[in-house]
Amino acid sequence: ADAGGFYRIRVPNKFGGIGDSTDYVSTLVRADLLYNSCLSDVITLNIDMLGHIIGVAMATVPEGCEGDEVETFDLSFFNTTVEIAQPAPGPVPETQAYIQKLEQE
């Protein structure tokens, strides 16, 4: 963390792969931020309407241990929250009612 490094995660994604190959989506966070949060982070998986992973984001939890002296026992385990973000479907046009209105005119 002192050397200005990064902590990187990558998640397999078969959506973009060709054949049996596996592609990955990845993200990173500064190691010192992860250290100062006592390894507390939030990982957000962005998926499409079919459930394929199309993106990943990682953020540290600001209220972790920042400002305090970080003890070694605080760094024994990750405290990770995983969130799934799926796009909301948009409005569907009411085509049948529109066609009936045109027929009546």
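Rules of the game
Counting of residues starts from 1 at the beginning of each chain's written sequence and follows it residue by residue. Under the rules for a predicted model, residues below a pLDDT of 70 receive no local features and side-chain atom pairs below 80 are neither given nor counted, while totals for whole chains, interfaces and linings still include all residues. Side-chain metrics in this entry use all non-hydrogen atoms of the structure; hydrogen atoms and water are not considered. Numbering goes from the N terminus for both helices and strands, where a helix is a DSSP run of H or I of at least four residues and a strand is a run of E of at least two. Exposure is judged per residue with a 1.4 Å probe applied to protein chains only, and the accessible area is read against the type maximum: over 50% gives exposed, under 20% gives buried, and values in between give partly exposed. The contact criterion used throughout is that any non-hydrogen atoms of two residues lie within 4.5 Å. All accessibility values rest on the Shrake-Rupley procedure with a 1.4 Å probe; residue burial counts only the protein chains present in the view. Working definition of a nonpolar core: buried Ala, Val, Leu, Ile, Met, Phe, Trp, Tyr and Cys residues. They are joined through side-chain atoms within 4.5 Å. Strands qualify as paired when DSSP identifies two bridges or more between them. In this description, a line fitted to the C-alpha atoms serves as the axis of each element, helices being fitted only across the stretch in contact, and the angle between N-to-C directions of two axes falls anywhere from 0 to 180 degrees. For patch building, the residue pool is restricted to those with more than 30% relative accessible area and no salt bridge; the joining distance is 9 Å between like charges and 5 Å between nonpolar side chains (Val, Leu, Ile, Met, Phe, Trp, Tyr). Salt bridges are defined as contacts in which a side-chain nitrogen from Lys or Arg sits within 4 Å of a carboxyl oxygen from Asp or Glu. Pairing of aromatic rings covers Phe, Tyr and Trp, the last counted by its six-membered ring, and requires centre-to-centre distances within 6.5 Å; plane angles under 30 degrees mean stacked, over 60 mean edge-to-face, and any other angle means tilted. Any Lys NZ or Arg CZ that is within 6 Å of a ring centre and within 35 degrees of that ring's normal is treated as a charge sitting over the ring. Positive residues here are Lys and Arg, negative ones are Asp and Glu, while His and the chain termini are left out of the count.

**Student:** What exactly am I supposed to notice about the overall build of the protein chain here?
**Tutor:** In terms of helices and strands, the protein chain carries 2 helices and 5 strands. When the helices and strands of the protein chain are placed in sequence order, the string is β-β-α-β-β-β-α. The buried share of the protein chain, taken over its 105 residues, is 25%. Summarising the internal contacts of the protein chain: among those between residues at least 6 apart in sequence, 58% fall at separations of at least 24. As displayed, the protein chain offers around 7,800 Å² of accessible surface, 54% of which is attributable to carbon and sulfur atoms.

**Student:** Hey, could you run me through the nonpolar core in this one?
**Tutor:** If you look at soluble globular proteins, the nonpolar side chains tend to sit buried side by side. The biggest cluster of nonpolar side chains holds 12 residues, and these are Ile9, Val11, Val25, Val29, Leu34, Leu39, Ile43, Leu45, Ile47, Ile53, Val56 and Met58. Elements with a minimum of two residues in this core: strand S1 (6-13), strand S2 (23-30), strand S3 (40-47) and strand S4 (53-60). Discounting residues that sit within four places of it in the chain, Ile53 has contacts with Val11, Pro12, Asn13, Val25, Asn46 and Ile47.

**Student:** How should the sheet that holds strand S5 (residues 79-85) be read in this particular structure?
**Tutor:** To summarise the sheet geometry, strands pair through backbone hydrogen bonds and adopt either a parallel or an antiparallel arrangement. Taken in spatial order, the 3 strands of this open sheet run S4-S3-S5, and their pairing is mixed. A strand with exactly one partner marks an edge of an open sheet, and here the two such strands are S4 and S5. Across this sheet, the average inter-strand angle for adjacent strands is 20°, counted without regard to direction. Note: S3 against S4, 7 bridges, orientation antiparallel. For Asp41, the partnering residue across the bridge sits in S4 and is Thr60.

**Student:** What am I meant to see in a nonpolar patch on the surface here?
**Tutor:** A cluster of nonpolar side chains, namely Tyr98, Ile99 and Leu102, defines an oily patch on the protein surface of about 300 Å² accessible area. Within the element layout of this structure, Leu102 appears in helix H2 (residues 95-104).

**Student:** What am I meant to see in the pattern of salt bridges here?
**Tutor:** Opposite charge on two side chains permits them to pair, given that their charged atoms come into close proximity. As enumerated under the stated definition, the model contains 1 salt bridge in all. Two residues, Arg30 and Asp32, come together in a salt bridge whose shortest N-O distance is 3.0 Å. Owing to a relative accessible area of 41%, Arg30 belongs among the partly exposed residues under this scheme. Residue Asp32 is classed as partly exposed on the basis of its relative accessible area of 25%.

**Student:** How should I be thinking about the packing of aromatic side chains in this particular structure?
**Tutor:** Geometry of an aromatic ring pair is reported as the spacing of the ring centres plus the angle between the planes. Scanning the model with the defined rule gives 1 aromatic pair in all. Cation over ring: Arg10 sits above Tyr24, and NZ or CZ is 3.9 Å from the ring centre.

**Student:** Before we go on, may I ask you to explain the side chain of Asp41 in this structure?
**Tutor:** Following the sequence through the fold, Asp41 ends up in strand S3. For the buried Asp41, no salt bridge exists, and the shortest N-O distance to an oppositely charged side chain is 13 Å, to Arg8. Here Asp41 is in contact with Leu34, Met58, Ala59, Thr60, Val61, Phe78, Asn79, Thr80 and Thr81, once residues within four sequence places are set aside.

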